[in-house]
Amino acid sequence: MPVAPGLAPYDTFLLDLDGCVWVGDEPTPNAVEAVSALRAAGRRLAFVTNDARHGEEDVVRKLWRLGFQAAREEVVTAGGALQHVLAESGHGTAFVIGSVAVHRHVSDAGLRILNGSDHADRADVVVVSGHERFDFAELRGAVQAALQGAEIWCTSRDATFPMPDGPWPATGAVVAAVEAATAMQARSVGKPGPQLFLTALDRLGPARALVVGDRLDADMAGARAAGLDGALVLTGASSAEMARDADPAPAFVAATLAELLLAP
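An account of the accompanying structure is given in this report. (Residues numbered from 1 in each chain as written. Predicted model: local features only at pLDDT ≥ 70, side-chain atom pairs only at ≥ 80, totals over all residues. Heavy atoms only, no water.)

What follows deals with the pattern of salt bridges. Tallied over the entire structure, the rule returns 19 salt bridges. Here arginine 53 makes a salt bridge to glutamate 132, at a shortest N to O gap of 2.6 Å. On the criterion of sequence distance, the pair formed by arginine 53 in the loop between β4 (44-49) and α2 (56-65) and glutamate 132 in the loop between β8 (125-128) and α5 (136-147) is long-range, its members being 79 residues apart. Using a relative accessible area of 15% as the deciding quantity, one classes arginine 53 as buried. Arginine 215 serves as the salt-bridge partner of aspartate 217, at 3.0 Å between the closest nitrogen and oxygen. Aspartate 217 sits in the partly exposed class, given a relative accessible area of 45%. Relative accessible area serves as the criterion here: at 10%, arginine 215 is assigned to the buried category. (Salt bridge = Lys/Arg side-chain N within 4 Å of Asp/Glu carboxyl O. Helix = DSSP H or I, 4+ residues; strand = E, 2+ residues; numbered from the N terminus. Buried < 20%, exposed > 50% of the residue type's maximum accessible area, 1.4 Å probe, protein only.)

On to the sheet that holds strand β13 (residues 209-213). Reading across from one edge, β5-β4-β1-β13-β14-β15 is the order of the 6 strands in this open sheet, with parallel pairing throughout. The sheet is open, and its two borders are formed by β5 (75-77) and β15 (252-254), each paired with just one other strand. Taken pair by pair, the neighbouring strands of this sheet meet at an average axis angle of 20 degrees, ignoring direction. For β4 and β5, the ladder comprises 3 bridges, and the chain directions are parallel. In the sheet register, valine 48 faces β5, and the bridge partner there is valine 76. (Pairing = 2+ DSSP bridges. Axes fitted to C-alpha atoms, helices over the stretch in contact; angles between N-to-C directions.)

The step from lysine 191 to proline 192 runs through a cis peptide bond, and the omega angle for that step is 20 degrees. For the bond from aspartate 247 to proline 248, the omega torsion is 5 degrees, close enough to zero to count as cis. Its place among the elements puts proline 248 in the loop between α9 (240-245) and β15. With phi around 60 degrees, asparagine 30 is a residue other than glycine that occupies positive phi space. Topologically, asparagine 30 is positioned in the loop between β3 (26-27) and α1 (31-40).

Taking strand neighbours across the sheet as the criterion, the 5 strands line up as β7-β6-β8-β9-β12 in an open arrangement whose pairing is parallel. Each edge of the open sheet carries a strand with a single partner, namely β7 (112-113) and β12 (187-188). With 2 bridges joining them, strand β6 (residues 93-97) and β7 adopt parallel strand pairing. Paired with threonine 93 across the strands is arginine 112, a residue of β7. Each of β6, β7 and β8 touches helix α4 (residues 100-108); the most contacted strand, β6, lies at about 170 degrees to it. (Contact = heavy atoms within 4.5 Å.)

What follows deals with the packing of helix α3 (residues 78-87) against α4. Think of two packed helices as two axes; the pair is described by the angle between the axes and how far apart they sit. Put simply, α3 and α4 touch, their axes get as near as 8 Å, and they point 25 degrees apart. Relative to α4, the element α3 is oriented roughly parallel. Crossing of α3 over α4 shows right-handed handedness. Every residue of α4 that contacts α3 at Gly79, Gly80, Leu82, Gln83 and Leu86 is listed here: Val102, His105, Val106 and Asp108. Tallied by class, residues from the contact of α3 with α4 come to 4 nonpolar, 4 polar and 1 charged. (Parallel < 35°, antiparallel > 145°, perpendicular 65-115°, else oblique. Left-handed = near helix turned anticlockwise from the far one by under 90°. Nonpolar A, V, L, I, M, F, W, Y, C, P; charged D, E, K, R; others polar.)

Right under this line is the structure:
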């Protein structure tokens, strides 16, 4: 299947996952065929996600399970970006709200994780990333460490992410709780900052790139921050009405990833 002729100026595509490539454990309509068409046309691509619950290798396994081809170097997660930032931060210790994958990223950055120790409130940095096992003890530990002087870093500010039964709370909801309790502002490594897109382009090489995602406040704003064009798909968080009111408007708006990428 050919790629839509209107996308001829772009040789690289940076694709969001939740709400764009898939919703829950199902691809969006004809997304597998659309991604295959990009590859057949010789376009380069990366999968760029604020979701730090899973490691890059886990994302690759899910992509293959759903029918997509993918290599690990094509996946850029907020957890990976967090690891890069922390490795260069000079911090030695951390208190972490996050999944096993986030704990691993923090540890691989060279920081000692103090969760569960008598010195948890003396951490240099608090890391916040939403996950299914989040509980009050984590929130309490993060707040106490921050009030003792720890910096706060988060993997994103997405309030929700789309699931088949409706939106689920995401990292932004947890960040809001930490910020409310501390009167402090967290620093984010995810979209709408440019870092994830810049990391992807660093791996892929110089290109005229198009960012494709489902959120005006994260994907499209992040594209602008990185100096890239953005295309909004309507299978996730943002609606057609929101797209019409956006200023600036996305370069493209389509019902699905397939409708955007494939020639009629």
